[in-house]
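What the coordinates show
Residues per chain, in single letters:
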Amino acid sequence: FARGTGRAFSKVLWDGVVGGGGGRGVGGGDARQRGRGRPPEEGPGQGDAVEAGRQDRHQGRGARAVHLQEVTHLMGVLGFGTFCYLLGARPQDVPYVYCLFYVIFVPLRWIYYRYKKWHYYLLDFCYYANTFLLVMILFYPKDEKLFMVCFSFAEGPLAWALIVWRCSLVFSSFDKLVSVLIHLLPGIVLFTIRWWNPQTFAAMHPEGRAARVTWPYVEDKSYLWTWLFVVPLAAYTLWQLMYFLIVNVLRRQRLLRDPEVMTSYRELSKKAQKAN
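Computed from a predicted structure; not experimentally measured. (Residues numbered from 1 in each chain as written. Predicted model: local features only at pLDDT ≥ 70, side-chain atom pairs only at ≥ 80, totals over all residues. Heavy atoms only, no water.)

Now for helix α6 (residues 144-164). Relative to the 30 Å expected for 21 residues at 1.5 Å per residue, α6 spans 29 Å between its end C-alpha atoms, a close match to the ideal helical length. Between the side-chain oxygen at the start of α6 and the backbone nitrogen of K145 there is a gap of 3.1 Å, and the oxygen is on D143. Following α6 by one or two positions, R166 adopts a phi angle in the positive range, close to 55°. (Helix = DSSP H or I, 4+ residues; strand = E, 2+ residues; numbered from the N terminus. Expected span 1.5 Å × (residues − 1). Polar contact = N/O pair within 3.5 Å; in protein donor to acceptor, adjacent residues only side chain to side chain.)

Set out below in structure tokens:
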């Protein structure tokens, strides 16, 4: 009897300490008070209503996303058609259309990429080469040597990047569309300047002088190698050094603190890990 009474007393005391036993014992009143502050449990009907509300919100977001894709697709197709028309009707205006594209969409991409923590992608070579081309068009349109350097960039690394980075022309995706144009437009612009621009034809046939064979004028093969290979390679090497200095030295601690921030090095590293 004594052992049974002791066990019963111990159980009551333990229930009171931990707040059980219907609130009896030490702390039982506090447990009841805490229980009063808890939200009521959802009944069957209330749970269904909450789930239905969640589904409605999800469907609403999905509908808005689809609507945005439709608008983006329409604008992309119309813009592409307009550009093709200008390419045939007024090729001399294509460089200025490119400049307009650059000053509008590159800043917008920086804002979007900053939000996604992808803004270090804007240090890639494609933006470096596009900036070279923008400077040439706006400030040095008749500089034949700079034209050859930009031509080498556009018809070489930028064109190959379309294949290496698997850029795809998807009109319903604003990001993919801009990625393709960043790599594709410089080559089209420089090809237009070289072969279809009336000003280039005028430079090749100056009044009172003998007609030039080409524009830019190529004196000999060494001149060609210098401005289509050696100088562009030196400019590319300079970019590579600056990129390494910024990403791996100046911003190293920032990147180590936040592994979600993406760079081309991290992107290539992830692809290599997946391949292995």
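We now examine the UniProt feature "transmembrane region" (unreviewed entry) in the protein. Listed under "transmembrane region" (unreviewed entry) in the UniProt record, and renumbered for this structure, are residues 71-89, 95-113, 120-140, 146-165, 177-196 and 224-247. Structurally, residues 120-140 comprises 71% helix and 0% strand, and the distance from its first C-alpha atom to its last is 28 Å. (UniProt positions renumbered as here; feature names shortened; annotations may be inferred.)

As for its position among the elements, N130 is in helix α5 (residues 125-139). In terms of polar contacts, N130 uses its side chain to reach the backbone carbonyl oxygen of I182, at 3.1 Å. The residues contacting N130, other than those within four sequence positions of it, are Y98, Y102, L158, I182 and P186. (Contact = heavy atoms within 4.5 Å.)

What follows covers the packing of aromatic side chains. Evaluation of the coordinates by the stated rule reveals 20 aromatic pairs. Both rings, one in F125 and one in Y236, keep their centres 5.0 Å apart while their planes meet at 65°; by these two values the pair is edge-to-face. Placement of the pair is F125 in helix α5 and Y236 in helix α9 (residues 221-250), with a sequence separation of 111 residues. Overall, the relative accessible area of 8% leaves F125 in the buried class. Y236 sits in the partly exposed class, given a relative accessible area of 31%. Counting every residue linked through ring pairs, the aromatic cluster contains F125, Y128, F132, F153, Y236, W239, Y243 and Y265. (Phe/Tyr/Trp six-rings, centres within 6.5 Å; stacked < 30°, edge-to-face > 60°. Buried < 20%, exposed > 50% of the residue type's maximum accessible area, 1.4 Å probe, protein only.)

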